[in-house]
Each structure stands twice: as structure tokens, then as C-alpha cells.
2 protein chains.
Amino acid sequence: MVKTLINGIETDSLSSSDRGLQYGDGLFETIALRSGAVEYWEAHYQRLSEGCQKLAIKAPSEALLLSEIGLLRRSVRLGASEYDFTQNGVIKIIITRGVGERGYFAANSCEPTRILSLAPAPVYPSDYEKRGVKLKICRTRLSSNSTLAGIKHLNRLEQVLARAEWGSLEESGIAEGIMLDNNDYIIEGVMSNLIFTRHSEQQQSEILTPDLSNSGVSGVMRQQIIDRLKKEGKTVTVRPIHIDELITMDAMLCCNSIIKSWRVQEVDGVKKF
Amino acid sequence: MVKTLINGIETDSLSSSDRGLQYGDGLFETIALRSGAVEYWEAHYQRLSEGCQKLAIKAPSEALLLSEIGLLRRSVRLGASEYDFTQNGVIKIIITRGVGERGYFAANSCEPTRILSLAPAPVYPSDYEKRGVKLKICRTRLSSNSTLAGIKHLNRLEQVLARAEWGSLEESGIAEGIMLDNNDYIIEGVMSNLIFTRHSEQQQSEILTPDLSNSGVSGVMRQQIIDRLKKEGKTVTVRPIHIDELITMDAMLCCNSIIKSWRVQEVDGVKKF
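Residues numbered from 1 in each chain as written. Chains lettered and ligands numbered in written order. Predicted model: local features only at pLDDT ≥ 70, side-chain atom pairs only at ≥ 80, totals over all residues.

Participant: How do you make sense of the overall build of chain A when you look at a structure like this?
Facilitator: Within chain A one finds 7 helices and 17 strands. For a compact globule of 273 residues, the expected C-alpha radius of gyration is about 19 Å, and chain A comes in at 20 Å, within 12% of that figure. Taking the principal axes of the C-alpha coordinates as reference, chain A spans close to 60 × 45 × 40 Å. The buried share of chain A, reckoned over its 273 residues, is 44%. (Helix = DSSP H or I, 4+ residues; strand = E, 2+ residues; numbered from the N terminus. Rg over C-alpha atoms; globule rule 2.2 N^0.38 Å. Buried ≥ 20, exposed ≤ 12 C-beta atoms within 10 Å, placed from the backbone.)

Now the structure itself:
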């Protein structure tokens, strides 16, 4: 029950010559539609624009994307769907460099492809917010590339391999995986960012989140949480966090735009909070 | 004038829910059709199978792929094309994990997608084999991931960014770029592998090619050249090669299945051979 618009036309049919498929040459955003609002739209659009700039892809205008999101929501409401997409759902926007000739070289004439889709919001167990979730530490590492770090590009095989390390949520009880870089630093979750709290006798509790200069996605929800904590007068320290520091932490949460934030109850075999 | 078969059907229309687009979750092979022969088929199929195994994607059978290549060549010959695809062309095979639900987790029920295409063989300047080519050293680095190293997966943004560092062949005179890893070791060309020769007064000339354990694609043509040299009684040493060693080399070539091999005449601003 996913609805898709490609370059403004209601279809899910893409040319196999699109560089998004051929090379992962593009970017995406995953945005919550909640109680009728496109949540944190400005932050999502900003990251998408910055990503397009880094990859030298012409970013579609904000107005065009918003009008197409509106079109998707309307077209779904008018259909025979049982799900009310006017209120809740997951919006995914993929922007690729467009259809290209054979080879890595992209002609300037390449016209970016916009793929917008709207899917039902996922349903997670009701005790996740209260009881917290169980995480595992993934064997698959995140590689380092300062140009690609931060942006939400389409090269996601490392996440695919990491997520394949445990079964479905129902079978395994594992809600998310922690990913490290090749030097054993904690970068992020497979689909989320991570925030830690460490108590201190001498001073105020420390709030920490991994530095993402060389790996990882700079999450919209992560930034929202950092901004909110700052408004409350708290300091969030962004710095490299080694896996050996995990046992010294007193609280941990994973966050993204769709799940918002989950308290971590346990890191499998390593730590209980 | 590219002809495409997706899962055996003559179309270039792919579902935008395919994980090949969503995450680059797949592999490819680029194979020369030369004088009517599918060149080095066994080596290409072997690398594709090994890649599928590493990514836990069910590999299509050799017989199925060969029958579909035959179908493509026939369908092109019967069409109104001016190009004789029965003799020469470039065959590209993309295998993705298939169409999936939202999220990184892939259900076991995922059925792989096969995308086979046939395009005209590229035409390169006639003096490339004789006079050699000019290369540049790319700023974009190859990241390290031992699981993904060697296989020809669809996460190719690093190659796209590296290739964008210089203009078209005609404008720039640059035929290929050298890519380094984050520790300044030479890994490969953007679209080729690299082989070096270094003369020695004491002993036989050394033939060297970079170690690809952590980055790079293990090229079919590279292996053909290594095997041929071994048959001639020469030793090819596979080891990490630092960029500082480049000036000590006496000859260099870049190779892939389509270009075969080009002698390097010059590395821009660094070395003339």
C-alpha cells in the first residue's frame, strides 16, 4: 500500500538506466507525516539540499517537493485505501542524478529524478517507549569518507549487511544495532543516531553523541534533540566515542524521524541500563 | 540504443521499490561482447556468484544468464538497429536483492532482480594502445571495508565523485583517474585496475599490482593479465603500494574488460613513463 510519484507522475516505474540504480548516485530523506503535519520539514529539506550540493546534483525546489507531497496525500485519500494518509505515514523522497549513459561520467545534461512515496507508519511494540529496547553491536563496520559523511546518500550496503546480522524484531527481540567504524569508535545505529548520558559526582551529567565527520548520517531527530537540550541549558558534547566507553555510560537512546526516540534497556551481552 | 531485459522481459522499467535503487543492494558485471564471443564469461560469472554469496543474494544460474544474453542479442539483431550486436557490444548484468518493504531488513522471500542490457562498444582514440594515456590522481578516496572489497557491488558513489574531478575525455585529455585509500595507498583506477613494472639492476623486473583486501574491485582483466604473466614464467607481486612509490615505477598500465589494457604515458604533474 505504498503510493509513488516519479517526477510528478503517479507511477513506481523507474528507468533501469537511472544512476540511482546503476551507482547509488543520489540521496534520500525519510520523513514522518504525523497528525497531519510533515514533521521537521525544514530540517529535512536543508539536509537534502546540502547533500545535493555535495554531490553536485541540482536540488528540486522546496515548493515543488511540498506540492508533490500534497498530491500524494490527496491521491491516496481519494483512492480505495483503508489507511488515512492525510494524517499519518512515512514520506520517502529519493533524488538521483537522473538517467545517464554508460559509465561513471555524468553529462551536465543529466536531469535529476524525484521519487516520492508515502507508506503507512510502522507500528512498534507499545512498551518500547516505557521499557526500552535491546540493541546488539554489529560486526559490519562503517567505512570512513569525509565527503560522504553526514549526508543521506543511496550507498547503504553497510547498513543492509549490518541489519542482516539479526532476524526480525519479533524473532530476535533486537530492535537496533550499534555500528562502529574500522577503529572501534561508535558511529550510529543501523537506522538511528545514538545519544548517551554519563553521570558524574563532581559535576552535571554529561550528554554525549558521536562525532560524524568521517562516517554516519547527521540525523534530523538527533539535531532536534541536541537543540532541545541546549534550550534547557544542557550541553551536548559531540566527540569520537570509543566502544570501550560504552560500559561507562548511564543511559542511552537511539533516535530517528520515524521512531522519534527509544530508551536503550540493554546492549546484548555488554551492558544493561 | 541500449536494449534491456528485466527478469527475462524486454523492458527497462524497474520498480522504484527495488532494493538496488533504495540501498544499492546488489552487484553488477560489465562484459565485452567481442567478435561474437562473450569474453571471459566464466571469470565474470564466478565473480558475480562470489559477490552474491557475500551479500547473501541468490545468484541466478549460469544457464539462465547465458540464455538471456542470447535473447538480448537476437532481439537487437531483429530490430531496426544499425549496430550489429551479434558481434560487438557491452553486456551489463545487474543483480539486486529484489523488491522489498520499507527498511533495511530484507525478508527471505525477496526474489532477486536480473537486469541485463546490451549497449554499443565504446570507441576510444586510436592512439591509446600505441601512445598510451594520461591519468590524474583523484582527490576522492576509496574507503575500506573488507567485506565489500573485491566484489563489484552497486555502491559506487566514490567512483562517481572521483570521475567528476575531470571533464570529458575530449576536453581534458585525461583517460582515467588513480584512486587512493585513506592511508595514501594506490588501490585502482576509477574504472580499471592498475599494474606496474619496476626495473632492477640486480634481478628480473618486478611486476606489481595493489592488494585489494580492503578496497577496490578484483578485476577480471587484472586476473587474466596476472595469469598470462605467470604462464610466461613471470611473478606478479600483489601487495600494498604507497603513492610515494609511484615515481619509482618504470611502466604502468590500466586494464578492464572493456578497454582491455592501456599503457600509461603520464600521471598528470607527477610522472612520465
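Structure shown, so let's carry the discussion forward.
Participant: Even after reading the chapter, I still don't get the domain arrangement of chain A, so can you show me in this structure?
Facilitator: A common way to express how large an interface is: the accessible area buried when the components associate. All names here are of chain A. In terms of domains, chain A is made up of domain 1 (3–119) and domain 2 (128–272). Computed from C-alpha atoms alone, the centre-to-centre distance between domain 1 and domain 2 is 26 Å. The partner domain 2 presents 12 residues to the 18 residues of domain 1 that form the contact. Listing elements by their share of the side of domain 1 that touches domain 2, those giving two or more residues are strand S4 (26–34) and helix H2 (41–55). (Domains from an automatic or database assignment. Contact = placed C-beta atoms within 7 Å.)

Participant: What should I look at first to understand H2(A) in this one?
Facilitator: Every α-helix winds through 3.6 residues per turn, so residues three or four apart in the chain are directed the same way. Residues and elements named next belong to chain A. The terminal C-alpha atoms of H2 lie 21 Å apart, and with 15 residues this matches the ideal 21 Å at 1.5 Å per residue to within 8%. Burial in H2 covers these residues: His44, Tyr45, Arg47, Leu48, Gly51 and Leu55. End-on, the buried residues of H2 take up no more than an arc of 160°, which puts them together on one face. Exposed side chains of H2 directed beyond 90 degrees from the buried face belong to Glu42 and Gln53. Remark: alanine 56 follows H2 within two positions and exhibits a positive phi of approximately 60°. (Expected span 1.5 Å × (residues − 1). Arc of directions from axis to C-beta.)

Participant: Would you mind going over the relation of the copies chain B and chain A with me for this structure?
Facilitator: One chain copy maps onto the other through a rotation about an axis and a shift parallel to that axis. The transform that puts chain B on chain A rotates by 180° and translates by 0.0 Å along the axis, for an RMSD of 0.0 Å. Put plainly, the chains are arranged around a two-fold axis. (Least-squares fit on C-alpha atoms with pLDDT ≥ 70 in both.)

Participant: Please clarify how the nonpolar core should be interpreted in this entry.
Facilitator: What tends to happen in soluble globular proteins is that the nonpolar side chains get buried as a cluster. Of all hydrophobic cores here, the largest spans 127 residues; its most connected members are A:Ile93, A:Met179, B:Ile93, B:Met179 and B:Val264. What B:Ile93 contacts, discounting residues up to four positions off in sequence, is B:Phe28, B:Glu29, B:Leu48, B:Leu65 and B:Leu116. (Core = buried A, V, L, I, M, F, W, Y, C linked by C-beta atoms within 7 Å.)

Participant: Just to check I follow, could you spell out unusual backbone geometry for this structure?
Facilitator: Of all residues except glycine, most have a negative phi; of all peptide bonds, most are trans. The phi angle at A:Ser35 is positive, at roughly 50°, despite the residue not being glycine. Residue class for A:Ser35 comes out exposed when judged on the 8 C-beta atoms lying within 10 Å of it. The phi torsion at B:Tyr40 lies on the positive side, around 55°, for a residue other than glycine. In this structure, B:Tyr40 sits in the loop between strand S5 (37–38) and helix H2 (41–55).

Participant: In this structure, what is going on with the interface of chain B and chain A? I would like to understand it.
Facilitator: Taken residue by residue, the interface counts 44 residues in chain B and 44 residues in chain A. Listing elements by their share of the side of chain B that touches chain A, those giving two or more residues are strand S1 (3–6), strand S3 (13–15), helix H1 (19–23), strand S7 (113–119) and helix H5 (157–163) of chain B. Examining the composition of the side of chain B that touches chain A, we find that 6 residues originate from one element, H5(B), more than from any other. Among the residues forming the side of chain B that touches chain A, the class breakdown is 20 nonpolar, 17 polar and 7 charged. Bridge count between strand S3 (residues 13–15) of chain A and S3(B): 3 bridges; the pairing is antiparallel. The residue of S3(B) that forms the bridge with A:Leu14 is B:Leu14. (Nonpolar A, V, L, I, M, F, W, Y, C, P; charged D, E, K, R; others polar. Pairing = 2+ DSSP bridges.)

Participant: I would appreciate a short explanation of the pairing of strand S12 (residues 206–210) of chain B in the present structure.
Facilitator: Two faces, one strand: in a regular strand the side chains alternate between the faces of the sheet. Residue and element names in this part refer to chain B. Alignment of strand S11 (residues 193–198) against S12, held across 3 bridges, turns out to be antiparallel. What sits directly across from threonine 197, in S12, is isoleucine 207. Bridge analysis of S12 against strand S13 (residues 236–239) gives 4 bridges, and the strand direction is parallel. Counted as the bridge partner of isoleucine 207 is valine 236 from S13. Handedness of the β-α-β unit built from S12, helix H7 (residues 220–231) and S13 comes out right-handed. (Right-handed = clockwise from strand over helix to strand, strands pointing away.)

Participant: Got a minute to help me understand the sheet that holds S4(A) in this structure?
Facilitator: Hydrogen bonds between backbone groups are what pair the strands of a sheet, and the pairing can be parallel or antiparallel. All names here are of chain A. With antiparallel pairing, the 6 strands of this open sheet are ordered in space as S2-S1-S7-S6-S4-S5. Where the open sheet ends on each side, the last strands, each with one partner, are strand S2 (9–10) and strand S5 (37–38). For S4 and S5, the ladder comprises 2 bridges, and the chain directions are antiparallel. The partner of leucine 33 across the bridge, within S5, is valine 38. Strand contacts of H2: S4, S5 and strand S6 (89–96), with the helix running at about 175° to S4, the strand carrying the most contacts. (Axes fitted to C-alpha atoms, helices over the stretch in contact; angles between N-to-C directions.)

Participant: Whenever I open this one, the sheet that holds strand S6 (residues 89–96) of chain B confuses me. Can you help?
Facilitator: All names here are of chain B. Across the sheet, 6 strands lie side by side as S2-S1-S7-S6-S4-S5; this open sheet has antiparallel pairing. What marks the edges here is a single partner per strand, and that holds for strand S2 (9–10) and S5. Relative to S7, S1 runs antiparallel, the two being bridged by 4 bridges. If you follow leucine 5 over to S7, its bridge partner there is leucine 116. The strands touched by H2 are strand S4 (26–34), S5 and S6; relative to S4, the strand with the most contacts, the crossing angle is about 175°.

Participant: Which parts of the structure should I look at to understand the pairing of strand S15 (residues 251–256) of chain A?
Facilitator: Residue and element names in this part refer to chain A. The buried fraction of S15 is high, at 5 of 6 residues. Across 5 bridges, the pairing between strand S11 (residues 193–198) and S15 is antiparallel. Note on S15: the bridge partner recorded for threonine 197 is alanine 251. Both S15 and strand S16 (residues 260–267) contribute to a ladder of 4 bridges, which runs antiparallel. Bridging across to S16, cysteine 254 finds its partner in tryptophan 262. Here S15 hands over to S16 after 3 residues, the two strands then running antiparallel side by side.

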